Amino acid sequence: MTVAQELDQLLAEALAALAQARSAAELEQLRVRFLGRKSRLAEVMKTLPALPAEERAAVGKRGNQLKAALEARLAAARETLAADTAREPLDVTLPGAAIPQGWLHPVTQTIEAVLSLFIPMGFEVVEGPELELERYNFDALNIPRDHPSRESFDTFFVEASSPEPKKGRLLLRSHTSPVQVRVMERRKPPLRIVVPGVVYRPDPLDPSHSFMFHQVEGLMVDDRTSFADLKGALDLFLKTLFGPRTKTRFRPHFFPFTEPSAEVDIACASCGGRGCPTCGKKGWLEIMGCGMVHPNVFKAVGYDPRAVQGFAFGLGVERIAMLRHGITDIRLFFENDLRFLEQC
Ligand code: DAH
């Protein structure tokens, strides 16, 4: 057997032995045996200078190849072994890993709570566009152009001028009331609808203002709905939402689309009406706006104001969510910090 053949045989032997090795110690023994100072390879390499020139080059090359191949194989075997020992034996008594569960955002929860109280009273849930026309957001709601009452509904306009003056400019709706008009335009009374949705106003962000928030609008129209029905429905709604002992108060107010109009307050739950920081020492918390639908709104949708009557209301969802959860900063709803959301 030539030296080269012997080296080939050595490589085959070493690879076979490596394939059987099961521990780091065994791998080390094999390294010493095949690559160590006293290995056959080391011996052969030592004899190189004494070999004839042609043979020296061939044997040297074979020797180096053997060394490189074995070192690479040893390194791979060590890695596999390390990965295997890192893998813990299976402990079947360990509890399963918890799968994180999602839940509804507090704003969505509040919208659902509000809707679920009106649905049993026969109200149907309807939605409308967030990108709205001036006609629906203002004109048809008895808010004339250049009338000062428009200022209380500061608005993001999307168009500077409109191709159709009758419909007005496109805007981001500043309240959900335009959906009243859209529904009445399409349908005949009797109607009972509740409208959840997002609204936009160019308000600077602070603890009680956001340029985007949610409202729920309500509308009931037939030939006999009265202010007493309005009071009854809203009083029942607020007592169901905030607790059966909740006191409500209807305070005269002005909205262009209702006449008469009112704001509804509930007695502050934190102080029982005596006055505290939550209610700004007033003892009452303003909850929603409401009133009897203005005859001009009926006219705008083609209803005969002498034949129909109805009530409408609108409430801010975040405000109700803040009261229900004791939250003092509206911005928390939109920062999506899970540490906050997990508590709701
Ligand atoms: N649209 C009013 C607002 O955004 C809220 C409102 C008040 C709605 C009275 C109504 C209503 O339908 O009758 O402030």
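Rules used throughout
Residues numbered from 1 in each chain as written. Predicted model: local features only at pLDDT ≥ 70, side-chain atom pairs only at ≥ 80, totals over all residues. Heavy atoms only, no water. Pairing = 2+ DSSP bridges. Helix = DSSP H or I, 4+ residues; strand = E, 2+ residues; numbered from the N terminus. Contact = heavy atoms within 4.5 Å. Axes fitted to C-alpha atoms, helices over the stretch in contact; angles between N-to-C directions. Near = heavy atom within 4 Å. Polar contact = N/O pair within 3.5 Å; in protein donor to acceptor, adjacent residues only side chain to side chain. Areas by Shrake-Rupley, 256 points an atom, 1.4 Å probe, with all protein chains shown as cover. Nonpolar A, V, L, I, M, F, W, Y, C, P; charged D, E, K, R; others polar. Patch = residues over 30% accessible without salt bridge, like charges linked within 9 Å, V, L, I, M, F, W, Y side chains within 5 Å. Salt bridge = Lys/Arg side-chain N within 4 Å of Asp/Glu carboxyl O. Buried < 20%, exposed > 50% of the residue type's maximum accessible area, 1.4 Å probe, protein only. Core = buried A, V, L, I, M, F, W, Y, C linked by side-chain atoms within 4.5 Å.

Draft legend 1. A look at the sheet that holds strand β6 (residues 212-222). Taken in spatial order, the seven strands of this open sheet run β1-β5-β6-β10-β9-β8-β7, and their pairing is mixed. Pairing within the sheet leaves two strands with one partner each, and these edge strands are β1 (124-125) and β7 (248-255). Sheet analysis places β1 next to strand β5 (residues 191-200), joined by two bridges and oriented parallel. By the bridge assignment for β5, Val125 is matched with Val194. Across the sheet, helix α7 (residues 178-186) touches β5, β6 and β10 (309-316), and the angle it forms with β6 is around 40 degrees. Its contacts with the sheet place helix α10 (residues 317-325) against β6, β9 (284-293) and β10, and it is angled at close to 60 degrees to β10.

Draft legend 2. Focus on the site of the ligand. Residues in contact with the ligand amount to 16 residues; listed here are only the nearest, His175, Ser177, Arg201, Gln215 and Glu217. In this structure, an oxygen atom belonging to the ligand sits 3.1 Å away from a side-chain N or O atom of Gln180. A distance of 2.6 Å separates an oxygen atom of the ligand from a polar side-chain atom of Glu217. Protein coverage of the free-state accessible area of the ligand, which is 350 Å², stands at 92%. Elements that contribute at least two residues to the shell around the ligand include exactly β6, β9 and β10. In terms of residue class, the shell around the ligand is built from six nonpolar, eight polar and two charged.

Draft legend 3. The arrangement of the pairing of β10 in detail. Bridging between β6 and β10 involves eight bridges; their strand directions are antiparallel. In the strand pairing of β10, Asp222 is matched with Gln309. Across five bridges, β9 lies against β10 in antiparallel orientation. Within β10, the residue paired with Met292 across the bridge is Phe311.

Draft legend 4. Broad picture of a nonpolar patch on the surface. On the surface, Phe156, Leu205 and Phe211 cluster together into a nonpolar patch covering about 260 Å² of accessible area. Along the chain, Leu205 turns up in the loop between β5 and β6. Judged by its relative accessible area of 44%, Leu205 falls in the partly exposed class.

Draft legend 5. Summary view of the nonpolar core. Core analysis: the largest hydrophobic core is formed by 44 residues, its most contacted members being Phe118, Leu234, Phe237 and Met288. Elements represented by at least two residues in this core include exactly α5 (106-118), β6, α8 (227-242), β8 (258-267), β9, β10, α10 and α12 (338-341). Among the elements that make up this core, the one with the highest residue count is α5 (seven residues). For Leu234, the contacting residues outside a window of four places in its chain are Phe118, Phe250, Val264, Met288, Cys290 and Phe313. Membership of the second largest hydrophobic core comes to 27 residues, among which are Ala140, Met184, Val301 and Val308.

Draft legend 6. Fine view of the side chain of Thr155. Positionally, Thr155 belongs in the loop between α6 (134-137) and β3 (156-157). Take Thr155: its relative accessible area is 13%, and that puts it in the buried class. Not counting the four nearest positions on each side in its chain, Thr155 is found in contact with Asn137, Phe138, Leu171, Leu172, Ser174 and Pro202.

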